[in-house]
Amino acid sequence: MSLIALYVGFGVVSAAILALAAVGFSMQYEVTNVLNLAYGQVMTVAALAAYAVNRLGGALWLMLVVGGLVGAVLSAILNRLIFSPFAKRGLKLFGMIVITIAVGLIVGNISLILFGFGSFSYGVASLTTYRFAGMVFTGSQLATVALALAAMAVIRIVLVKTKIGRAMRATATDPVLARASGIRTGLVSDVAWLISGTLCGLAGVAAATSVAAWSVTTGDSLLITILAAAVVGGIGQPYGAMLGALLIGIVTSVIGGYVNPSYTEISAFLILTGFLLFRPAGIVPGVVLEREVIA
Amino acid sequence: MSVSVQFYLTLLLVYVGVNLIACWGLNLQMGVAGILNFGFVLFQAAGAYAYALFTLGPVSGGAGLNAGYQVYLWGTQLPFPIPFLAAIAAGGLLAALVGVVVLPRLRGDYQAVALLVVSLIGGGIVLNNISLLNGASGLSGIPKPLAGVTGLSGIGYSWFYVALTALICLMVWYVVHQIGVSPFGRTLRAIRESEAAARSLGKDVKRKRLTAFIVGGALGGLSGAVLVGFINAWAPASWGYQETFVFVTVIIIGGFGSNLGVAVGVILVPIIFGELPTFLPQLGQASWLGAIQLILYGALTLGFLWFRPRGIVPEKRISYSRSDLVGRGRQVEANEMLAVVLAGEEGVPRHDGDVSGQ
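Residues numbered from 1 in each chain as written. Chains lettered and ligands numbered in written order. Predicted model: local features only at pLDDT ≥ 70, side-chain atom pairs only at ≥ 80, totals over all residues. Heavy atoms only, no water.

### A look at the overall build of chain B
Heads up, the rule is: Under the DSSP-based scheme used, a helix requires at least four consecutive residues in state H or I and a strand at least two consecutive residues in state E, with every element numbered from the N terminus. Here a residue-residue contact requires only that any non-hydrogen atoms of the pair lie within 4.5 Å.
Along chain B, the regular secondary structure elements total 15 helices and 2 strands. By sequence separation, contacts in chain B at least 24 residues apart represent 75% of the contacts at least 6 residues apart.

Set out below in structure tokens:
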């Protein structure tokens, strides 16, 4: 059995988690024009809610449901209370990024005060392992991969087949024209935050399940890798984010395993830098909108 | 005043000076030129390391004060102004390198991401290659400037350093103020407001922005040198990417694009809101303090962007009426013409240069 297959196997699992997170992140940016740097903290809150379920004896599926719900509701509330009012005041990308950082600081540090610096563990890692072509997975890892695949399929169907999905794509391309055509863009943005928030929550729980121990700052530390996957995929392109997650997840696992574990993150940054320099529009360029940045 | 209170005071004053230099530098990039630099702290770090390498002396193998307890790539020991100049050069060169790669190629949102990532890569490289700059433990025992020449020590030297910092701040103020009122500064603001309009008047948008980015980076480098000259140690923990957010908060609260506003913000934000919670009666555990400070920073930023988006001291609007320019019989330069275009003529409301765009 070759080592490389083993690392690719790990990579597939981290790619699945990354895909959940990056697709939600991309969707928020595409539909609502908010580059949400508080994303990691929302992931953490969802993971903490799932932890409560876990302590009460809830099963993994119930943890995922609760985590997804908490992520969805918290994201939608943050949008309604903070992001959307600021956006209505005419705040553009720069101001909105600063707002999301501020919200992230507030949410993250409140969690820190409430739950402390200690580490948490779900203790759900199953000991049964499954082998495919030299790759080894545990039951919960397989569940994560299956969850990611299912979520991607659902997102695809929602975006392409449903009315609300078309409305979302229309709003992303041209909000003014969408509104003029009778699309209720406020409702669309609420739905976008609920869907992307669900992905964010699921990713938070999945990420926390995949490691032996995690802490309140884990979500934030994942943010940069998520950002990398989203940008590599072509920022604001949910399908691209899936490919970006796959590339980053596998390459970083292989490099981290073969070369040096401390290079896991740096290799993600280097891939990101390479893409920014040579293919800034990402793997799936699509329609790249010139957004107003300052003012 | 007891010596410990005096020492605390001098430390606070030097911090104010360091933050002034850094925030003026960042304000030039972000407030005036409109480049979203979320990785600014990298330039401060570069300056600090450059100062350290130019004062610590060669890496000693076995003997001497430095007895091999810390490793670094290369080192030398040069007299007073040179380490500071090296720090300026390091910040500027790094900014030039990053700027040439990032600025012309990427759009605003990608730039913001790229610059954040560049600072994270910088941190990762320093952390993972101990032979470069001693990794996570960082450099310590960095010499104080002019300690031997002045013959001062203890609290006397600390006050001398405060004076030195003040002098450097004055020089930096002069530079940023002159840039602000110069045709170059006006062009930068014009580019920030509308790149297309500036380009249509023949302005070399890319070069102007790059220049502003380099000058801002050089100031960041200088701020790092002034900081380590006083605290004598520097490690990756001192320059996490969150530090940049403190600078950004200062600029938003003080006044985006306004040098005077930034000065007000520097005094208000870290000093009052950073130090205030330490004087509050103990709220819960001591470890909450840092968390409470960061919540305050976040809340302040939200509050200011909502209630006073242009900051405490808003950027002064440069407005010219047509008679201002023509009446004095002056040749109307393209810059000034552009200011008229962007400012709107008398009485015509214009799109203000604040972050909210109200």
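### Some details on the overall build of chain A
Using the following cut-off: Only protein chains enter the accessibility calculation, which uses a 1.4 Å probe. A residue is then buried if its area is under 20% of the maximum for its type, exposed if over 50%, and partly exposed in between. Note on areas: Shrake-Rupley, 1.4 Å probe, and residue coverage restricted to the protein chains presented here.
When helices and strands are tallied, chain A shows 11 helices and 2 strands. When the helices and strands of chain A are placed in sequence order, the string is α-α-α-α-β-β-α-α-α-α-α-α-α. Per-residue burial over chain A gives 56% buried out of 295 residues. A separation threshold of at least 6 residues defines the contact pool for chain A, and within that pool the share at least 24 residues apart is 76%. Summed over all atoms, the accessible surface of chain A reaches about 11,900 Å², with 70% contributed by carbon and sulfur.

### Concerning the packing of helix H1 (residues 3–32) of chain A against helix H9 (residues 218–232) of chain A
Residues and elements named next belong to chain A. Inclusion rule: A fitted line through C-alpha atoms serves as each axis, taken over the contacting stretch for helices, and the angle formed by two N-to-C directions is quoted from 0 to 180°. Should an angle fall under 35 degrees it is taken as roughly parallel, and over 145 as roughly antiparallel, whereas 65 to 115 is taken as roughly perpendicular and any remaining angle as oblique. Crossing handedness is read from the near helix: turned anticlockwise from the far helix by less than a right angle, it gives a left-handed crossing, and turned clockwise, a right-handed one. Polar here means any residue outside two lists: the nonpolar Ala, Val, Leu, Ile, Met, Phe, Trp, Tyr, Cys and Pro, and the charged Asp, Glu, Lys and Arg; Gly therefore counts as polar.
Look at H1 against H9: their axes get within 9 Å of each other, and the N-to-C directions meet at 70 degrees. By the criterion of interaxial angle, the relationship of H1 to H9 is roughly perpendicular. Once H1 is placed against H9, the crossing between them reads as right-handed. On H9, the residues that touch Leu 18, Ala 21, Ala 22, Phe 25 and Ser 26 of H1 are Leu 223, Thr 225, Ile 226, Leu 227, Ala 229 and Ala 230. For the contact of H1 with H9, a count of residues per class yields 9 nonpolar, 2 polar and no charged.

### Side note on the interface of chain B and chain A
Here is the rule: Buried area counts how much accessible surface, traced with a 1.4 Å probe, disappears from two parts once they are put together, with both parts' losses summed.
At the interface, 48 residues of chain B touch 49 residues of chain A. Counting the surface lost from both chain B and chain A, the interface buries some 4,200 Å², and carbon and sulfur atoms represent 77% of this. Three residues stand out in chain B for area buried against chain A, namely B:Tyr110, B:Leu302 and B:Trp306, and they jointly supply 16% of the buried area on that side. Where the side of chain B that touches chain A is concerned, the elements lending two or more residues are helix H4 (108–128), helix H11 (242–254) and helix H13 (288–307) of chain B. Taken together, the residues of the side of chain B that touches chain A break down into 31 nonpolar, 12 polar and 5 charged.

### A look at the confidence of the model for chain A
Low pLDDT means the predicted coordinates in that region are not meant to be read closely. What counts is decided by this rule: pLDDT runs from 0 to 100 and stands for how confident the predictor is about each residue.
Here chain A averages 86 in pLDDT, and 94% of its residues register 70 or above. Mean pLDDT in chain A bottoms out at strand E1 (residues 129–132) of chain A, which sits at 79, and peaks at helix H2 (residues 39–55) of chain A, which reaches 95.

### Some remarks on the pattern of salt bridges
All names here are of chain B. The condition that has to hold: Throughout this description, the term salt bridge denotes a Lys or Arg side-chain nitrogen within 4 Å of a carboxyl oxygen of Asp or Glu.
By the definition in use, this model includes 6 salt bridges over all chains. The partner of Glu 315 in a salt bridge is Arg 189, and the shortest N-O contact between them spans 2.2 Å. Pair noted here: Glu 315 is in the loop between H13 and helix H14 (322–327) and Arg 189 is in helix H8 (residues 183–193), with a separation of 126 residues, a long-range link. Taken as a pair, Glu 315 and Arg 189 share a single burial class, namely buried. Salt bridges sharing partners connect three or more residues here, namely Arg 189, Arg 192, Glu 193 and Glu 315.

### Thoughts on the pairing of strand E2 (residues 135–138) of chain A
Residue and element names in this part refer to chain A. Filter applied, for reference: Any two strands with at least two DSSP bridges between them are considered paired.
Residues Met 135 and Phe 137 point to one face of E2 and Val 136 and Thr 138 to the other, with burial holding for every one of them. By the bridge criterion, 4 bridges tie E1 to E2 in an arrangement that is antiparallel. Within E2, the position partnered with Phe 132 by the bridge is Met 135. What sits between E1 and E2 in their antiparallel hairpin is a turn of 2 residues, with Ala 133 showing a positive phi close to 45 degrees.

### Focus on the environment of B:Thr211
All names here are of chain B. Examined against the element boundaries, Thr 211 turns out to sit in helix H10 (residues 205–231). Using a relative accessible area of 35% as the deciding quantity, one classes Thr 211 as partly exposed. Considering only alpha carbons, one finds Thr 211 and Leu 188, 23 residues apart in sequence, at a separation of 9.9 Å.

### Things to note about helix H11 (residues 263–278) of chain A
Stated formally: One less than the residue count of a helix, multiplied by 1.5 Å, gives the span that helix is expected to have.
Compared with an ideal rise of 1.5 Å per residue, which puts 16 residues at 22 Å, H11(A) spans 22 Å between its outermost C-alpha atoms and is within 8% of the ideal. Those residues of H11(A) that sit buried are A:Ile266, A:Ser267, A:Ala268, A:Phe269, A:Ile271, A:Leu272, A:Phe275 and A:Leu276. In the core, the buried residues of H11(A) are packed alongside H9 and helix H10 (238–258) of chain A together with H4 of chain B.

### Quick look at a positive patch on the surface
All names here are of chain A. We apply this condition: Patches here are clusters of residues that have more than 30% relative accessible area and form no salt bridge, with a 9 Å joining cutoff for like charges and a 5 Å cutoff for nonpolar side chains (Val, Leu, Ile, Met, Phe, Trp, Tyr). In this charge count, Lys and Arg are treated as positive and Asp and Glu as negative; neither His nor the chain ends contribute. Note on charges: their place is set at NZ of Lys, CZ of Arg, CG of Asp or CD of Glu.
On the surface, Arg 156, Lys 161, Lys 163, Arg 166 and Arg 169 cluster together to form a positively charged patch. Among the elements of the structure, helix H5 (139–161) and helix H6 (163–173) are those that each provide at least two residues to the positive patch. For the positive patch, the element with the most residues is H6, which contributes 3 residues. Structurally, Arg 166 is set in helix H6.

### What about unusual backbone geometry?
All names here are of chain B. Backbone geometry at Asn 134 places phi at a positive 65 degrees, although glycine is not the residue there. Structurally, Asn 134 can be placed in the loop between helix H5 (130–133) and strand E1 (139–140). Asn 134 sits in the buried class, given a relative accessible area of 8%. Of note, the phi angle at Asn 232 is positive, near 65 degrees, even though the residue is not glycine. With respect to the helices and strands, Asn 232 occurs in the loop between H10 and strand E2 (233–234).

### Some thoughts on the packing of aromatic side chains
So the rule is basically this: In this analysis, rings of Phe, Tyr and Trp, with Trp reduced to its six-membered ring, are considered paired at centre separations within 6.5 Å, and the interplanar angle assigns stacked below 30 degrees, edge-to-face beyond 60, and tilted for intermediate values. Two thresholds decide whether a charge sits over a ring: the Lys NZ or Arg CZ must be within 6 Å of the ring centre and within 35 degrees of the ring normal.
Applying the stated criterion across every chain, the model contains 24 aromatic pairs over all chains. Measuring from centroid to centroid gives 5.4 Å for B:Phe54 and B:Trp74, while their planes differ by 70 degrees, and the two rings are edge-to-face. Taken together, the positions of B:Phe54 in helix H2 (residues 41–55) and B:Trp74 in the loop between H2 and helix H3 (81–102) put the pair 20 residues apart, joining distant regions of the chain. An aromatic cluster of at least three residues, connected via ring pairs, comprises B:Phe7, B:Tyr157, B:Phe160, B:Tyr161 and B:Phe230. A cation sits over an aromatic face here: A:Arg89 above B:Trp306, 3.8 Å from the ring centre.

### With respect to the packing of helix H3 (residues 60–88) of chain A against helix H8 (residues 185–210) of chain A
All names here are of chain A. Put simply, H3 and H8 touch, their axes get as near as 6 Å, and they point 135 degrees apart. The angle between H3 and H8 places the two elements in the oblique class. For H3 against H8, the interelement crossing comes out right-handed.

### Points about the side chain of A:Asp190
Residues and elements named next belong to chain A. Short version of the rule: By the criterion applied in these results, polar contacts are pairs of N or O atoms within 3.5 Å in which, for protein atoms, one can donate a hydrogen and the other can accept it, and in which residues neighboring in sequence qualify only through two side-chain atoms.
Topologically, Asp 190 is positioned in helix H8. Accessibility expressed as a relative area gives 15% for Asp 190, which makes it buried. Reaching out from Asp 190, the side chain makes a polar contact with the side chain of Arg 80 at a distance of 2.5 Å. Beyond its immediate chain neighbours, meaning those up to four positions away, Asp 190 contacts Asn 79 and Arg 80.

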